[in-house]
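Chain and residue survey
In case you want the letters, here they are:
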Amino acid sequence: MTWQTLANQLFPGGHDIAEHDNFLSGSGQVDGQTVAVIGTTEHVPIGIEIALAQAQAILQTVQRHPGRPILILVDTQGQRLRHRDEMLGINSYMAHLGKCVDLARRRGHAVIGLVYDQALSGGFITSGLIASACYALPQATIRVMGLPAMARITKVPEERLTELARDNPVFAPGPENYLRMGGLHAIWADDLANRLAEALASADPADGRMALGQDRGGRLLAQPVAEAVRTGGHVRPA
Amino acid sequence: MSSYLELTARQRIPALFDPGSFEEFLPPSARIVSPHLAQLDAPVSFDDGVIVGRGLLGGQVVFGAAQEGGFMGGSVGEVHGAKLVGMLRRAIDEQAHAVLLLLESGGVRLHEANAGLIAVSEVMRAMLDARAANIPVVALVGGANGCFGGMGISARCANTVIMSEEGRLAMSGPEVIETANGVEEFDSRDRALVWRTTGGKHRYLLGDCQVLVPDDTAAFRAAALQAIAEIRAGSASLSLEGLLEEQDLLARRLRDTAGLPDPVDVWRQLGVPDPAAVPMLDTDAFMQLAAPHRAGGPR
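Residues numbered from 1 in each chain as written. Chains lettered and ligands numbered in written order. Predicted model: local features only at pLDDT ≥ 70, side-chain atom pairs only at ≥ 80, totals over all residues. Heavy atoms only, no water.

Looking at the interface of chain A and chain B
Applied cut-off: Contacts are residue-level and defined by heavy atoms, with any inter-residue pair within 4.5 Å sufficient. Simply put, the buried area is the total loss of 1.4 Å probe accessible area from both parts when two parts are fitted together. For this analysis, a salt bridge means a side-chain nitrogen from Lys or Arg found within 4 Å of a carboxyl oxygen belonging to Asp or Glu. Polar contact is defined as a pair of N or O atoms within 3.5 Å, subject to the rule that within protein one atom must be able to donate a hydrogen and the other to accept it, and that residues adjacent in sequence are counted only when both atoms are side-chain atoms. Helix and strand assignments come from DSSP, with helices taken as H or I runs of at least 4 residues and strands as E runs of at least 2, each series counted from the N terminus. In this classification, Asp, Glu, Lys and Arg are treated as charged, Ala, Val, Leu, Ile, Met, Phe, Trp, Tyr, Cys and Pro as nonpolar, and every other residue, Gly included, as polar.
The interface of chain A with chain B comprises 77 residues on the first partner and 79 residues on the second. Across the chain A/chain B interface, buried area totals approximately 6,700 Å², and carbon plus sulfur atoms make up 64% of it. One can count five salt bridges joining chain A with chain B. Linking B:Asp129 and A:Arg106 is a salt bridge whose minimum nitrogen-to-oxygen distance equals 2.7 Å. Counting across the chain A and chain B interface gives 40 residue pairs in polar contact (both at pLDDT 80 or more). If one sorts the elements of the side of chain A that touches chain B by residue count, helix H4 (residues 90-106) of chain A sits on top with 13 residues. The class makeup of the residues in the side of chain A that touches chain B is 43 nonpolar, 19 polar and 15 charged.

Below you can see the structure in the form of structure tokens.
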């Protein structure tokens, strides 16, 4: 889905989102309220410029529109793989973006992520995954890296990974698996404006993804382990 | 001098914390291993590559974690991440004096791809929760495997990053970039270039690490104690003012380095005299030369 089609479905009340070098920013009207929007398009790799532009848009929203909800539209093939980005500390630019989102959340902004096309690895950690809740469209692609590359690095044969990826949410790409793992709150199949309004109303500043992953059977140990460490108890897997 | 780089995670903990004071949560005897490695016929570890617990540092109750680079590169899987998150949440429950993170990690453990990716984002949020509870979070980067990927991002969510020159802090490793975009883009066998680009001196000069120490456990410990005291004298939590300053710092960095291809050019632009000599200097000599020119100014 193009970002224009998406924006029109999300904001039937109108929007002024503009695209500049694959960076999306603006605002939209949903359910009688204004929502700040930042995002990316055309699978653009997240380099230092885009991360900084997104952070700036978040900080401006915090300064000029206290409390205004923020929607992060995710479409990226991951972090940009260039020497210059590493030289200038792309990890710092991404951390900065993540910290800006976190500050906004703590100051009362509901922050929602929506993967409408692709979400890979580093580009996803400080966008959708740092939001209060992350959602995806059914046709979205979400993964850490492709199975051939994963096979090279882990030295596990690609055939074996392909086999595991059929029914194992830990390896398999796609929104259904991230939903089972608790990484996504829900998949939005229809009436996007209504879904967005519901998500804004229910946004919880606490991170409940481990519990979601346990309830949905995709990540059985994370919640028990974190809880055992926290309380000094033992691990009782679900 | 006792090298920090050469120690394992289990050796670093007693070297950093007050002797005999560290209590490990969910220790190896609990036999909690990754649920995902066996099906790939990959080895497991009874601590899943990370030690978490609570000890005394300079007599104060400080929570801590140490990643073991010798087990799958210190990578973050489901259990590894959950241990870090549980420790950070407990630090908040018990109002810890500070949290010390001994980071050595390649980032997301690809064998647990999706679980690892989500776990790293949970670690980041838990670190920022601790800071919001006004608990200083200090990251130490000085292990042989460096600090990359999602943990490279996480490190910069700490209040303070303390590095040695030998430590490396970045996002994608040189091999990954070379594989994606060719040896002309980043020659991973050019070790001098790799260290110029990701090593502690460069990160210090850019302002991405706040303290550079020699590769010595006592120096790391002293720097951690000092950083914690300094953070506690102010506030550990994120502020709009602080993030606006960081926005300026990062924007200026982009602007001022336009067209500069090599870290040596960046150092020259920062005003470092004789930048080509920087890689050869020992830490003390480097600090004397570099501190006045560090982006972001003195601490």
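Some details on the pairing of strand S4 (residues 98-103) of chain B
Residues and elements named next belong to chain B. We apply this condition: Three exposure classes are used, based on accessible area relative to the maximum for each residue type with a 1.4 Å probe and protein chains only: buried under 20%, partly exposed in between, and exposed over 50%. Here the rule is simple: two strands pair whenever DSSP picks up at least two bridges between them. A clockwise course of the path from the first strand over the helix to the second, judged with the strands pointing away from the viewer, identifies a crossover as right-handed.
With six of its six residues buried, S4 lies for the most part within the structure. Neither face of S4 is exposed, since Ala-98, Leu-100 and Leu-102 on one face and Val-99, Leu-101 and Leu-103 on the opposite face are all buried. Examined bridge by bridge, strand S3 (residues 60-67) and S4 share five bridges and lie parallel to one another. Within S4, the residue paired with Gly-64 across the bridge is Leu-100. In the sheet, S4 pairs with strand S5 (residues 137-141) via five bridges, with the strands oriented parallel. Within the sheet, the bridge partner assigned to Leu-102 lies in S5 and is Leu-140. The β-α-β motif built from S4, the intervening helix H3 (residues 113-132) and the parallel element S5 has right-handed crossover chirality.

Things to note about the side chain of B:Thr257
Positionally, B:Thr257 belongs in the loop between helix H9 (240-256) and helix H10 (263-269). Judged by its relative accessible area of 2%, B:Thr257 falls in the buried class. Residue contacts for B:Thr257: discarding those within four places in its chain leaves A:Arg84, A:Leu88 and B:Val266.

Some words on H9(B)
Definition in use: What a helix should span is 1.5 Å times the count of its residues minus one.
Here H9(B) is 17 residues long and its end C-alpha atoms lie 24 Å apart, about the 24 Å a rise of 1.5 Å per residue gives. Within the sequence span of H9(B), burial applies to B:Leu240, B:Leu243, B:Glu246, B:Gln247, B:Leu249, B:Leu250, B:Arg253 and B:Leu254. Along its buried surface, H9(B) packs onto helix H2 (48-64), helix H3 (83-87) and H4 of chain A together with helix H7 (200-206) of chain B.

Notes on the packing of helix H1 (residues 3-10) of chain A against helix H9 (residues 192-202) of chain A
Residue and element names in this part refer to chain A. How we decide: A fitted line through C-alpha atoms serves as each axis, taken over the contacting stretch for helices, and the angle formed by two N-to-C directions is quoted from 0 to 180°. Orientation is classified from the angle alone, with under 35 degrees giving roughly parallel, over 145 giving roughly antiparallel, 65 to 115 giving roughly perpendicular, and any other angle giving oblique.
It is at 7 Å that the axes of H1 and H9 come closest, and there the two elements cross at 65°. Taken together, the axes of H1 and H9 are roughly perpendicular relative to one another. Side by side, H1 and H9 meet where Leu-6, Gln-9 and Leu-10 of the first sit next to Leu-192, Ala-193 and Leu-196 of the second. Residues belonging to the contact of H1 with H9 are distributed by class as follows: five nonpolar, one polar and no charged.

Focus: the side chain of B:Glu122
Within the fold, B:Glu122 resides in helix H3. For B:Glu122, the residues in contact, after removing those within four places along its chain, are A:Asp207, A:Arg209, A:Met210, A:Arg219 and B:Val85.

Focus: H4(A)
Residue and element names in this part refer to chain A. Spanning 17 residues, H4 covers 24 Å between terminal C-alpha atoms, matching the ideal 24 Å at 1.5 Å per step. Judged by how many residues are buried, H4 sits mostly within the fold: 16 of 17 residues are covered. Directly after H4, the chain includes Gly-108, whose backbone phi takes a positive value near 95°.

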